[in-house]
Amino acid sequence: MADGLVDLVLARSWRPALAVTGAGGLPDLGDAGNVMRPGTSVRLSLRLPPGIPGDAAAARLTDLLTRDPPHGARVRFEAQGNDGWNSPPLAAWLEAALLASSQTYFGRPAMYMGEGGTIPFMAMLGAEFPDAQFLVTGVLGPESNAHGPNEFLHIPTAQKLTCCVAETIRQHAMRPRRVS
């Protein structure tokens, strides 16, 4: 999908991505033929890069897909646009807490990976609390499979990650408080 590591990271985090997540009205391959069907429906998922307003992207996509359908086809498109979210830079205390807890429980410094995807809840929280720090994490990678029909976690990694999050919360509670 990409020519180098930089392009792979950009494709996974900052570039749009379109996926067909479902289809209806299509015959199974064994029954397929060159015939007219009464209708076809497709569900699309378009991941937007942060900074692209979801409503504007939905309006543009609706226009593109419905403006001039070929051969008199009727096209109906229903869109739900959600804004992407870009995490603000880490505060010094949070970065230090993450580095320390990762060293304690994983034996190495914390590593960060931007993950493309629209989590509407994070965009709403970020807009409501622009100065807040967020720790959005999960267990992905070998021996884990999120968001699939056979979803599972690598339990030892999940336990270590839970300890890291708990330690980060403890570090937050220990921070000196500013009195206004």
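Residues numbered from 1 in each chain as written. Predicted model: local features only at pLDDT ≥ 70, side-chain atom pairs only at ≥ 80, totals over all residues. Heavy atoms only, no water.

**Q** Run through the overall build of the chain, naming residues and quoting values.
**A** The secondary structure content of the chain amounts to five helices and two strands. Along the chain, from the amino end to the carboxyl end, the secondary structure elements read α-β-β-α-α-α-α. The C-alpha atoms of the chain give a radius of gyration of 22 Å, which is well past the 16 Å a tight globule of 180 residues would have. Each principal axis of the C-alpha distribution contributes one length, and for the chain these read about 70 × 40 × 30 Å. In the chain, which comprises 180 residues, the share counted as buried stands at 15%. By element, 58% of the accessible surface of the chain is carried by carbon and sulfur atoms, the whole surface being about 14,000 Å². Within the chain, the 16 negative side-chain charges are centred at a point lying 4 Å from the centre of the 15 positive side-chain charges. (Helix = DSSP H or I, 4+ residues; strand = E, 2+ residues; numbered from the N terminus. Rg over C-alpha atoms; globule rule 2.2 N^0.38 Å. Buried < 20%, exposed > 50% of the residue type's maximum accessible area, 1.4 Å probe, protein only. Areas by Shrake-Rupley, 256 points an atom, 1.4 Å probe, with all protein chains shown as cover. Lys, Arg positive; Asp, Glu negative; His and termini not counted. Charge placed at Lys NZ, Arg CZ, Asp CG, Glu CD.)

**Q** Lay out helix α2 (residues 54–66) in plain terms, naming residues and giving numbers.
**A** For α2, which comprises 13 residues, the first-to-last C-alpha distance of 18 Å matches the rise-based estimate of 18 Å (1.5 Å per residue) to within 8%. Of all the residues in α2, the buried ones are Gly54, Ala57 and Ala58. Relative to the axis of α2, the buried residues are bounded by an arc of 100 degrees and lie together on one face. (Expected span 1.5 Å × (residues − 1). Arc of directions from axis to C-beta.)

**Q** Tell me about the packing of helix α3 (residues 92–106) against helix α5 (residues 155–174), and name the residues and values.
**A** A pair of packed helices is characterised by two quantities: the angle between their axes and the separation of those axes. It is at 9 Å that the axes of α3 and α5 come closest, and there the two elements cross at 145 degrees. Between α3 and α5 the crossing geometry is right-handed. Judged by residue contacts, Trp93, Leu94, Ala97, Leu98, Ser101, Ser102, Tyr105 and Phe106 of α3 engage Thr157, Lys160, Leu161, Cys163, Cys164, Glu167, Thr168, Gln171 and His172 from α5. A per-class count over the contact of α3 with α5 returns nine nonpolar, six polar and two charged. (Axes fitted to C-alpha atoms, helices over the stretch in contact; angles between N-to-C directions. Left-handed = near helix turned anticlockwise from the far one by under 90°. Contact = heavy atoms within 4.5 Å. Nonpolar A, V, L, I, M, F, W, Y, C, P; charged D, E, K, R; others polar.)

**Q** Go over the layout of surface pockets with me, naming the residues and quoting the values.
**A** Here the largest pocket defines a volume of roughly 2,100 Å³. Residue contributions to the lining of the largest pocket peak at six residues, all from α5. Tallied by class, the residues present in the lining of the largest pocket amount to 26 nonpolar, 18 polar and five charged. Counted as a void, the second largest pocket has a volume near 1,600 Å³. Val42, Arg43, Leu44, Phe77 and Glu78 are, among the 39 residues lining the second largest pocket, the residues nearest its centre. For the lining of the second largest pocket, the elements supplying multiple residues, two or more each, are β1 (17–24), β2 (41–47) and α2. (1 Å grid on protein atoms, 1.4 Å probe; cavity = no way out; pocket = protein on both sides within 12 Å on 5 of 7 lines; lining within 4 Å. Points joined across faces, edges and corners; volume = space filled by probe spheres on them.)

By themselves, these are just geometric observations and shouldn't be taken as functional.
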